[in-house]
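Chain and residue survey
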Amino acid sequence: ILFRRWPSGVTYIVGLDGGPQPVCKPCESAAYGWRDNGHISLLSTSPEPQFEPRLRMIDLANAVTNEWIASPMVVKTFRESSVRVEEDEPVVWAPDARALYFIGSSVQQLASLWKLDVNPDTRIVTGGPHMMTAMADDITGVSLARATGAMAFSVSTRVPQVRWYPLDQSGRRITGPPVGLSSSATQSNYP
């Protein structure tokens, strides 16, 4: 299964049969993941200052998209914390389908792991977003083991720093460890 977003704003799913099926029109860039073998979830947020969450479930058997409702408290919390869903990152469901995990960026622009409480029976997002990680590094690629509930994600530091590398007389070979010239607390670009 592949997702393709065309310049027209239409997102298509290209299945194993090779035929593209439109799944939302128009739709913003979204995070996506499987809820089960028959449904794909798309999670997105509207541009600031709204930061309004949008959760859609796509039934692959008949290409029907079901829109979930976010409670007013969830919408308020998204706005107050200025959380936006990172596009093209995974959306991961808890084994009981009562929680949804995603990668989101806040005002500080660090990508963290967040959780939404959901009710699959009523298709309502009932709580969250709850920040699950508070690191000085970006989080990407969350995965959840169905059998044990163990969670894995990658962490990467993306704060650019200026570093000085000692070179030999030719200026072509590094001769020692780098020396940091700027703090990791601030972004430093283009020395």
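Keep in mind that what you see is a predicted model, and the values were worked out from it rather than measured. (Residues numbered from 1 in each chain as written. Predicted model: local features only at pLDDT ≥ 70, side-chain atom pairs only at ≥ 80, totals over all residues. Heavy atoms only, no water.)

Brief notes about the overall build of the chain
Put simply, the test is: Helix numbers and strand numbers start at the N terminus; a helix is a DSSP run of H or I with at least 4 residues, a strand a run of E with at least 2. Only protein chains enter the accessibility calculation, which uses a 1.4 Å probe. A residue is then buried if its area is under 20% of the maximum for its type, exposed if over 50%, and partly exposed in between. Contacts are residue-level and defined by heavy atoms, with any inter-residue pair within 4.5 Å sufficient. For the accessible areas, the method is Shrake-Rupley and the probe is 1.4 Å, while residue cover comes only from the protein chains on display.
Counting its regular elements, the chain contains one helix and 17 strands. Put simply, the chain has 191 residues, and 36% of those count as buried. When contacts within the chain are restricted to residue pairs at least 6 apart in sequence, long-range pairs at least 24 apart make up 37% of them. Element-wise, carbon and sulfur atoms account for 52% of the exposed surface of the chain, whose accessible area totals about 11,300 Å².

A word on the sheet that holds strand E6 (residues 53-59)
Heads up, the rule is: At least two bridges found by DSSP between two strands are what make those strands a pair. Interaxial angles span 0 to 180 degrees and are taken between N-to-C directions of axes, which are lines fitted to C-alpha atoms, for helices over the stretch in contact.
As summarised here, the arrangement of the four strands in space is E4-E5-E6-E7, forming an open sheet in which the pairing is antiparallel. Looking at the sheet topology across the chains shown, the edges are occupied by strand E4 (31-36) and strand E7 (64-67). Neighbouring strand axes in the sheet, compared pairwise and without regard to direction, differ in orientation by 25 degrees on average. Direction of pairing for E4 relative to strand E5 (residues 39-45): antiparallel, over a ladder of five bridges. Paired with Ala 31 across the bridge in E5 is Leu 43.

Some thoughts on a nonpolar patch on the surface
This is how the line gets drawn: Patch building starts from residues that exceed 30% relative accessible area and form no salt bridge, then joins like charges within 9 Å and nonpolar side chains (Val, Leu, Ile, Met, Phe, Trp, Tyr) within 5 Å. By definition here, a salt bridge exists when the distance from a side-chain nitrogen of Lys or Arg to a carboxyl oxygen of Asp or Glu is within 4 Å.
Taken together, the side chains of Trp 164, Val 179 and Leu 181 define a hydrophobic patch exposed on the protein surface, amounting to about 320 Å² of accessible area. Mapped onto the elements of the fold, Val 179 is located in strand E17 (residues 179-180). On the accessibility criterion, Val 179 (39% relative accessible area) is partly exposed.

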